[in-house]
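# Survey of secondary and tertiary structure
So you can see what is in the structure, the chains are spelled out below.
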Amino acid sequence: MKTKLFLFFLLITGIVQAQEKEMDEFINELMSKMTLEEKLGQLNLSYGIGELKVISEDEGPIDFIKQGLIGASGGYEGQKAAVNGSRLGIPLITGVDVIHGYKTTFPIPLAMSCMWDVERIEKMARISAVEASAGGINWTYSPMVDISRDPRWGRVAEGAGEDPYLGSLIAKAYVRGYQGDDLSKENTIMACVKHFALYGAAEAGRDYNTVDMSRIAMFQDYLPPYKAAFDEGAGSAMTSFNVIDMVPATGNKWLMTDLLRDKWGFDGFVVTDYTAINEMIHHGLGDLSTVSVKALKAGVDMDMMGQGYIGTLGKSLKEGKVSQEELDQACRRVLEAKYKLGLFKKPFQYHDKDRAKKYWLCDEHQAFARDLAARSCVLLKNHNELLPLKKEGTIAVIGPLANSKEDMLGTWAATSDTTDIISIVDGIRNVAGESSNVLHARGSYFTEDHFLLNRKRPKEDQLTIDPKKSEKLLTEALETAQKSDVIVAVLGEPRSWSGEASSRANISLPQCQKKLLKLLLETGKPVVLILSNGRPLTLSWENENVDAILETWHAGVQAGNGIADVLFGNYNPAGKLTMTFPREVGQIPIYYNHKRTGRPENDHSIFTSRYLDVSNSPLFPFGYGLSYTTFDYSDIILSKDELIGDDQLVASVTVSNTGDYTGEEVVQLYINDPSASVSRSVKELKAYKKVKLAPGESKKVDFAITPEELKFYNSDLEYDWEPGAFNIYIGTNSSDVKSAQVHWKK
Ligand code: BGC
């Protein structure tokens, strides 16, 4: 058996080496014919700005493509110009932000992460690739794997939350889904891991703000998802806008070469974020020529939209500021990506009208979008089992997000189809069917705050709120509510409040929406609050006053149907939060895997680490989410409690369904190292398992633990474990856990 495996390994290695040799020979031959301008052209991603004229919006700057001055752009005409109209016929690589679907839009990534389901995320990415690759796209600026502990940051919507372990599994799933097993196939696209690195740690949650972090924190908590995506074979990386150790990532040699390539062995290409080279001028690193040199020397291969490379590197070469080898290396990496995508052999394979017709928004993709919309929901509260609703009586669906279609798409829906989005009220009508009467009223604006309302709008087009109109909206809503048996209030954020450049300092529901909710509660009718938003919100008041709260995020093209499936119990919610929900914005940054302090919060002394006006605990912790049924956890059973060296520990619990519905539970394993050479987090997620249980059913859930799960980065940045005691926690969320202790010797 061993010999067979070894021979198989030799065969595969032999094939890979032969393919690499073929690629090297091809690129050597091609590069021997390229002029300096043509090489610089390969490093230039442009759709036509500044000096470069746009010929047509879709097709990009054709003239420049024909001159070989652009290596990455879009459109069929653009590809024709590159392949048939340029001297060497080098095809374009075409990238776009396919973040949560291409035509079929899935829930926002933060929502999908709450499924704790890597197979479904991989399938979502596969579908996205199948659809995008028919529309001329062969490269996606995804996955976004930035860990963030700050819900003020609007881009948390694009990521997988705060945990590096779960974030790493999800990062890998995206890469597998996009790239498949063969990048040269017509239906696979290249992943671009972003934003390398630490973009999610922007100070005060303000987008594009500075980052300052210890190396241990980087390696322990922030870098793992990027590394995981590269280990999975992601073909490219995108730089982040922020500084790392005071040097912008885009010009940071330690990051882009010493770590990424030399230590981690990444052999793909690196593109800047949008004009990130130029932004180094604002960071105070020099003029365009200087910062372009810095970026190239750091190991950054392609300039996105900034024209720093195409505009200045030729001169820098003549002046000896960069070498021919450095330029050639960047050019080679871009050409290699094109080769791997099969672009030299089949440059038009990604433009396929037949495949587009067959797959875009096809029934299967829509059904999957509906499934994901339901599975991404997190049930935050369900007092007196108000949910699921019965499909009977009169249901009033009220709120500014109740009948909104576009907002369901969430951030990054530039390529989405907007014709057939199912709003929440439509979904409720579809699922409730004939037996109930569904009424709707808008009830309020998203906000009446002038600043928030107009922050993203041009000066000449500012909006004002008509107080009479807002009173009218309220009156209509209350009249509608009075006619109903149950009220479903649909509140939250429009899609433009999350995503890029959309940080909020106040993450509660806006006053006018709260006012509406209060008045609805005053009717005395049962109220279910459906939240549709792109980030964790502060919901202390809502949690105290509303019986049922369902977090549904921005749930995609099938939002309404998927959410209604949950509302009426066609699907029993099983989503678990991947970001902590604070009680108050002043608690931020707040996250479950925090370090200890010398004076932990307690009620016996006033000199402890705490606030005077709120407890330290979050409103809803990481990993939290309810079901229509209830689960009971037994105490933890350990296979042994004294271990040595490479021993394996099995920690088990028995989980029982003690309620009335079949349900799924995400059983979570956390470990804490109470005594080590550096202060360790209070707990860290190390594994999880999903179990599905019928009412009355119990299942034993085993977790195998090895020293691998005990490792951490010490002060010398060595990744190892130290002997001693370890606390093992298993539970339904990061706060509510059973615990046991083991001792592990080296
Ligand atoms: C964003 C990236 C995105 C790029 C291209 C930038 O502003 O930060 O995430 O991929 O634009 O659209």
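The shown structure was predicted, so the numbers you read here are calculated from the model rather than taken from an experiment. (Residues numbered from 1 in each chain as written. Predicted model: local features only at pLDDT ≥ 70, side-chain atom pairs only at ≥ 80, totals over all residues. Heavy atoms only, no water.)

## Structural notes on the packing of aromatic side chains
Taken as a whole and judged by the stated rule, the model has 30 aromatic pairs. Ring centres 5.5 Å apart and planes at 70° place the aromatic pair Tyr592 and Tyr670 in the edge-to-face group. With Tyr592 in the loop between helix 22 (559–567) and strand 16 (631–633) and Tyr670 in strand 20 (residues 663–672), the pair connects residues that are 78 residues apart, well separated along the chain. Each member of the pair, Tyr592 as well as Tyr670, carries the same accessibility label: buried. Connected via pairs of aromatic rings, a cluster forms that spans Trp116, Tyr592, Phe622, Tyr670 and Tyr688. Against the face of Tyr102 rests Lys103, its NZ or CZ located 5.3 Å from the ring centre. Taking NZ or CZ as reference, Lys689 lies 5.5 Å from the ring centre of Phe703, over its face. (Phe/Tyr/Trp six-rings, centres within 6.5 Å; stacked < 30°, edge-to-face > 60°. Helix = DSSP H or I, 4+ residues; strand = E, 2+ residues; numbered from the N terminus. Buried < 20%, exposed > 50% of the residue type's maximum accessible area, 1.4 Å probe, protein only. Lys NZ or Arg CZ within 6 Å of the ring centre and 35° of its normal.)

## Things to note about the side chain of Glu38
Turning to its location among the elements, Glu38 is positioned in helix 2 (residues 36–42). Excluding residues within four positions of it along the chain, Glu38 makes contact with Lys33, Gln67, Gly68, Arg87 and Leu88. (Contact = heavy atoms within 4.5 Å.)

## Structural notes on the nonpolar core
One finds Trp139, Phe196, Leu223, Phe230 and Leu567 to be the most contacted residues of the largest nonpolar core, which totals 148 residues. Ignoring any residue separated from it by four or fewer positions in sequence, one finds Phe230 in contact with Val193, Phe196, Ser236, Ala237, Leu260, Trp264 and Phe266. Among the nonpolar cores identified, the runner-up in size contains 40 residues, and Ala396, Leu516, Met579 and Phe620 belong to it. (Core = buried A, V, L, I, M, F, W, Y, C linked by side-chain atoms within 4.5 Å.)

## Focus on the site of the ligand
Around the ligand, the neighbouring residues are Asp97, Tyr141, Arg155, Lys194, His195, Met238, Phe241, Asp273, Tyr274, Met304, Trp412 and Glu500. One nitrogen or oxygen atom from the side chain of His195 is found 2.7 Å from an oxygen atom belonging to the ligand. Interatomic distance of 2.8 Å between a side-chain N/O atom of Glu500 and an oxygen atom of the ligand. Taken by itself the ligand offers 310 Å² of open surface, and the protein chains cover 90% of this. Looking at the shell around the ligand residue by residue, the classes come out as six nonpolar, one polar and five charged. (Near = heavy atom within 4 Å. Polar contact = N/O pair within 3.5 Å; in protein donor to acceptor, adjacent residues only side chain to side chain. Areas by Shrake-Rupley, 256 points an atom, 1.4 Å probe, with all protein chains shown as cover. Nonpolar A, V, L, I, M, F, W, Y, C, P; charged D, E, K, R; others polar.)

## A look at helix 6 (residues 118–132)
Between the first and last C-alpha of helix 6 there are 21 Å, a value that for 15 residues agrees with the 21 Å anticipated at 1.5 Å per step. Buried residues of helix 6: Val118, Ile121, Met124, Ala125, Ile127, Ser128, Ala129, Val130, Glu131 and Ala132, and no others. Packed against the buried residues of helix 6 are helix 5 (109–113), helix 7 (164–179), helix 15 (353–359), helix 16 (363–375) and strand 21 (684–693). (Expected span 1.5 Å × (residues − 1).)

## Focus on the UniProt feature "domain: Fibronectin type III-like" (unreviewed entry) in the protein chain
Under the local residue numbering, the UniProt record ascribes the feature "domain: Fibronectin type III-like" (unreviewed entry) to residues 665–734. This span, residues 665–734, is 0% helix and 54% strand, and a straight line between its end C-alpha atoms measures 14 Å. (UniProt positions renumbered as here; feature names shortened; annotations may be inferred.)

## Here's the deal with the packing of helix 8 (residues 215–222) against helix 9 (residues 224–231)
At a minimum axis distance of 6 Å, the contact between helix 8 and helix 9 shows a crossing angle of 55°. By the angle class used here, helix 8 and helix 9 are oblique. Contacts between helix 8 and helix 9 pair Met218, Phe219, Gln220, Asp221 and Tyr222 from the former with Pro224, Pro225 and Tyr226 from the latter. Split into classes, the residues belonging to the contact of helix 8 with helix 9 amount to six nonpolar, one polar and one charged. (Axes fitted to C-alpha atoms, helices over the stretch in contact; angles between N-to-C directions. Parallel < 35°, antiparallel > 145°, perpendicular 65-115°, else oblique.)

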